[in-house]
Amino acid sequence: MSIRSLLLSLSASALALPLLPAAAVAQESGAGVIEEITVTAQRRAQSLQDVSVAVTAVSGSDLLALGINDLSRLETMAPGLQFGQSGNDPRPAMRGARTQQVESNDVAVAFYTDGIYRPRHGQALAGFVDVDRVEVLRGPQGTLFGRNSLGGLIHVVSRKPSTEATDYGFALTGGDYSQVRGEGFFNVPFSDTVALRVAGVRETRDPFVENTVLGDDGGLKDADTTYVRAQLAMTPSDTASFMFRAEHWRDDSNGNGDFGYKVLGVPVNPATGLTNGTTGVLEPRIGRSSDCAGTCGRFGAGLDGTAAPTIDDPYTIARNSRPERDVEETTLAAEGDFSFPGLFDVKVTLAYMDYTELRLADADLSSFNTLLAGNDIASETTSQEIQLTSNGDGNFEWVAGIYLFQEDLENAFLWQDISSVVDNVPDQQINLWAPWMNQIRLDTSSLAVYAQSTYSISDTFRVIGGIRYTDDERDWDIFGQDPDQSAPNFTVLEVENASGDWDRVTWKAGLEWDVNDSSMAYFTASTGFLAGNAQGAFNGDGSYDEQTVTAFEVGSKNVLADGSLVLNLSLYHNEYEDLLSTRFEDVGGTTLAFSDNAGEITATGLEIEADWAPSDVFRLSANAALQNAEYGSFVTPNVFQEGGQTINGIDNLFDLNGEQVQLSPDLTLTLVGSYDFNLSNGSMIRPSVTFYYSDDYRADDALFFFAEQDSFTKSDISVSWISPDQSWILRGFVNNIEDEATLTKVTRYGGDVAIADFAAPRTWGVQLSYNY
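Remember, it's a predicted structure, so these values are computed and weren't measured experimentally. (Residues numbered from 1 in each chain as written. Predicted model: local features only at pLDDT ≥ 70, side-chain atom pairs only at ≥ 80, totals over all residues. Heavy atoms only, no water.)

Would you explain the overall build of the chain in this entry?
Check the secondary structure of the chain and you find two helices and 48 strands. The proportion of buried residues among the 772 residues of the chain is 56%. Restricting to contacts in the chain with at least 6 residues of sequence separation, those with at least 24 account for 67%. Accessible surface, the chain as shown: approximately 29,000 Å² in total, 54% of it carbon and sulfur. (Helix = DSSP H or I, 4+ residues; strand = E, 2+ residues; numbered from the N terminus. Buried < 20%, exposed > 50% of the residue type's maximum accessible area, 1.4 Å probe, protein only. Contact = heavy atoms within 4.5 Å. Areas by Shrake-Rupley, 256 points an atom, 1.4 Å probe, with all protein chains shown as cover.)

Put into structure tokens, the structure is as follows:
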């Protein structure tokens, strides 16, 4: 029997468990008890088992024990979540919703920290520091969360100040690639009603990707980050409390490259000499090869193949320009909570964020001193949310709110010609910024009004209803490069007062059923949308339209075997319409990307999460996602010279109907196990193993043969010593024992070059923590 068939059989049996009497699944005494997890997935504190949403909650202590410091490794713990990345842009995917446009669009899988929406993709790369938990909510969540979400959202919740006692904790980590990471917190109560908590991290690490020309100075996927957060909590009375938060994040690393870092080669059809991503052969780059006809390899990254050969190792490059990624983010936020007993609670959240990101990388992807490219991004946002939550004991519970969001975004694509090129070989140094560069200045104003209610029909049945109205207005100007090309300076107005306005009503309806004291089943139907937006700085006043989803879900949440087993399942069907696709145009030696509404995606799947404590010292957990995510009517341009189809009289297109959606493997499976060996002095040794399996998947929409990731496994192991009072922990770990290089994204670059991004290689290290 295959893994997929076995999981389906087990799931069918598990769905019937709630129908059995509680005693039928009880277990002998001596088993451990799974600790209850409290979440705010429905904007009120509830047990995870009482929430009719497919949500995974990973505690801060579990994140530390599993070595999950940021979004990139969270997919192992959250079924249905896949982490994609191209260059410096994370591209998460969830239940068929993949992240496509990253220039100025809202994210398909929304990212929040402490209830605050982060609009820029790069903001999701900030690490997890002094975290209480991370919640991953699957499916559209618009009737409860301030900003729209299409596929789901990720919410990082930090630990809050405490007035109980002065407290502190830290963790120090050292590992290969010269990793040094120090993180910690300090909590101080000033009185019974006022407390301050300060947390921070400093991490440096040499690059995962070696640069044979510049060494560590030119490598990629390194770390050089500093983050600090201060929270002041004030509780002047039993019915009022305030939280003031300030955060600052700075990242001075080399970054991850520009849209991808690894040159795979040029896909060429040997019979025609034309580039072909479906049936071609990857030729070494690139230049004046007789195998390459037409314009193939004649510009952009297509420099002389003899002097700049393709390197097979996925973690080795040869570049002469030092990359950089300079990120700085400041966040100021204030929350006020007011309770009117027997009526409702009021929560007011105000936030301001200033985010800048300058990234530059070698654009010819070689040791030639020719081209430099990147982005200069500045985002200033404010948000205001007023939310009312019922607090009475009646049959009717409700949440209602109004959400305002404003963003002033500047995004410039940068391109510097370091040398002129003659016959595809660098000639004379010129150091001029391209005259065709431009900058989009985009203002977004969003107003949303939302409400969701639950009404108890009886002691065991409840109905859910939710509605949301959103109005997103965008205005943009586009400025071109100043005639003086000695420095980037956008002074020439090219497009003035372009605008778009998108409004929509979305909804949610559902039913909850308490089958018995230990099991709950639910059904929900909901809709979601992302507003349209400017297509990009190079497309004038053009815009694409909104993207929508209709989602259905049946779920079951169960606490079994006297509390030693938690088993949650969700079966879903999502229908997406007007999703984005990317087309490319060659301009001035590079390739520019444009986004258009392209078609439909249908995703159907089953997600399983289980946590079992057979005894007080033995812990097992598992999660699995089985999904069938396929494109429906979905036509997108072929970005190579041949290999596409003629559709409605238009040559060289791809019809993706029936094909697998990118970053959507049919099956993923995670198994985690740990065992505590008690020592005579009261301390313990805890070995832990994490096993992750993924079916094959594609790393791009298009049908490129080089975008296919084969099925793989990744395993992590750790051994921890825990002191008798459990305050000190010494942990040694190895992640990705197999040293598996897995694709997170592929794309076509200038000069018809195929480039890719890979997840991290094997790493190891030692961590010492105290009270953290």
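Hey, could you run me through the pairing of strand β14 (residues 179-189) in this one?
For a regular strand, side chains alternate in direction, first toward one face of the sheet and then toward the other. The pairing of strand β13 (residues 167-175) with β14 spans nine bridges and is classified as antiparallel. Counterpart to F170 in the pairing with β14 is G184. Once β13 ends, the chain turns through three residues before running back antiparallel as β14, passing Y177 with a positive phi of about 55°. Where β14 meets strand β15 (residues 194-205), 10 bridges bridge the pair, whose relative direction is antiparallel. (Pairing = 2+ DSSP bridges.)

Any chance you could explain the confidence of the model for the chain here in plain terms?
Reading fine detail from the predicted coordinates is not recommended where pLDDT is low. Per-residue pLDDT for the chain averages 88, and the proportion of residues at 70 or more is 89%. Contacts for the low-pLDDT stretch residues 13-29, under 50 throughout, to residues beyond four places or in other chains number 25 contacts. Per-residue pLDDT stays below 50 along residues 287-293; that stretch engages in 23 contacts with residues further than four places along the chain or on separate chains. (pLDDT = per-residue confidence, 0-100.)

Just to check I follow, could you spell out the sheet that holds strand β4 (residues 81-82) for this structure?
Note on sheets: strands pair through backbone hydrogen bonds, and any given pair is parallel or antiparallel. On the basis of which strands lie adjacent, the open sheet formed by three strands has the order β4-β7-β8 and antiparallel pairing. Edge positions in the sheet fall to β4 and β8 (97-98), since each has one partner strand and no second. The sheet contact formed by strand β7 (residues 93-94) and β8 spans two bridges and is antiparallel. Bridge pairing in β8 links A93 to R98.

Would you mind showing me how to read a nonpolar patch on the surface here?
A contiguous nonpolar patch, built from F396, Y455, I457, F461, V463, L511, W513, F523, F552, V554 and L571 and spanning about 950 Å² of accessible area, is present on the exposed surface. Residue position: F396 is located in strand β25 (residues 396-422). Assessed through its relative accessible area of 46%, F396 is described here as partly exposed. (Patch = residues over 30% accessible without salt bridge, like charges linked within 9 Å, V, L, I, M, F, W, Y side chains within 5 Å. Salt bridge = Lys/Arg side-chain N within 4 Å of Asp/Glu carboxyl O.)

Could you clarify how one ought to interpret the pattern of salt bridges in this entry?
Should their charged atoms come close, side chains of opposite charge can pair. Using the criterion set out here, one finds 40 salt bridges in the structure. R120 serves as the salt-bridge partner of E407, at 2.9 Å between the closest nitrogen and oxygen. Of this pair, E407 sits in strand β25 while R120 sits in the loop between β10 (116-117) and β11 (131-138), placing them 287 residues apart in sequence. Both residues of the pair, E407 and R120, count as buried. Between D252 and R250 there is a salt bridge whose closest N-O contact spans 3.1 Å. Ionic contacts of the salt-bridge type, sharing partners, join the residues D114, K160, R245, E335, D337 and K347 into one network.

Please explain the sheet that holds strand β47 (residues 753-758) as it appears in this structure.
A sheet is described by the order of its strands in space; here four strands give the open sequence β20-β19-β47-β46, paired in antiparallel fashion. The outermost strands of the open sheet, each flanked by one partner alone, are β20 (281-283) and β46 (743-749). For this sheet the average axis-to-axis angle between neighbouring strands, irrespective of direction, equals 40°. Bridge analysis of β46 against β47 gives six bridges, and the strand direction is antiparallel. Among the inter-strand pairings, T747 is bridged to a residue of β47, identified as I755. (Axes fitted to C-alpha atoms, helices over the stretch in contact; angles between N-to-C directions.)

Please explain the nonpolar core as it appears in this structure.
With 33 residues, the main nonpolar core has Y261, Y576, I601, F704 and V746 as its most contacted residues. Elements that contribute at least two residues to this core include exactly β34 (565-587), β35 (590-612), β36 (618-637), β46 and β47. Beyond its immediate sequence surroundings of up to four residues, Y261 is in contact with V209, L220, K221, N256, P314, Y315, I317, R319, A756, D757 and F758. Among the nonpolar cores identified, the runner-up in size contains 23 residues, and A373, W415, W436 and I755 belong to it. (Core = buried A, V, L, I, M, F, W, Y, C linked by side-chain atoms within 4.5 Å.)

Could you clarify how one ought to interpret the environment of F705 in this entry?
Looking at the element boundaries, F705 is found in the loop between β42 (697-698) and β43 (708-709). C-alpha separation for the pair F705 and G277, spaced 428 residues apart in sequence, amounts to 6.3 Å. If near-sequence neighbours (up to four positions away) are discounted, F705 is found in contact with P267, N276, G277, T278, T279, G280, V281 and L282.

Hey, could you run me through a negative patch on the surface in this one?
Residues D376, E380, D408, E410, D443, E473, D475, D501 and D503 make up a contiguous surface patch of negative charge. Looking at the negative patch, the elements that each hand over two or more residues are β24 (371-390), β25, β28 (461-481) and β29 (490-516). Along the chain, D501 falls in strand β29. (Lys, Arg positive; Asp, Glu negative; His and termini not counted. Charge placed at Lys NZ, Arg CZ, Asp CG, Glu CD.)

Help me understand the packing of aromatic side chains, please; the structure alone is not making it clear to me.
The geometry of two aromatic rings is summed up by the distance between their centres and the angle between their planes. Inspection of every chain in the model, using the stated rule, returns 27 aromatic pairs. One Lys or Arg, R205, reaches over the ring of F208 and ends 4.0 Å from the middle of that ring. (Phe/Tyr/Trp six-rings, centres within 6.5 Å; stacked < 30°, edge-to-face > 60°. Lys NZ or Arg CZ within 6 Å of the ring centre and 35° of its normal.)

How should the pairing of strand β12 (residues 152-158) be read in this particular structure?
For β12, the buried fraction is high: seven of the seven residues fall into the buried class. Residues of β12 alternate between two faces, with G152, I154, V156 and S158 on one and L153, H155 and V157 on the opposite face, all of them buried. Sheet topology places β11 next to β12; seven bridges connect them, and they run antiparallel. Across the sheet, the residue bridging to R138 is G152, located in β12.

I keep staring at the side chain of E203 and nothing clicks. Help me out?
With respect to the secondary-structure elements, E203 resides in strand β15. Here the side chain of E203 touches Q179 through a polar contact of 3.0 Å, side chain to side chain. Within the structure, the side chain of E203 is placed 2.9 Å from the side chain of R181, a separation counted as a polar contact. Sequence-distant contacts of E203, defined by excluding residues within four places in its chain, comprise Q179, V180, R181, A223, D224 and T225. (Polar contact = N/O pair within 3.5 Å; in protein donor to acceptor, adjacent residues only side chain to side chain.)

Explain unusual backbone geometry to me, please; I cannot follow it from the model alone.
Trans is the common state for peptide bonds, and a negative phi is the common state for residues other than glycine. Despite not being glycine, D578 shows a phi value in the positive range, around 60°. Positive phi is not limited to glycine here, since N771 has a value of about 55°. Along the chain, N771 turns up in the segment after β48 (763-770).

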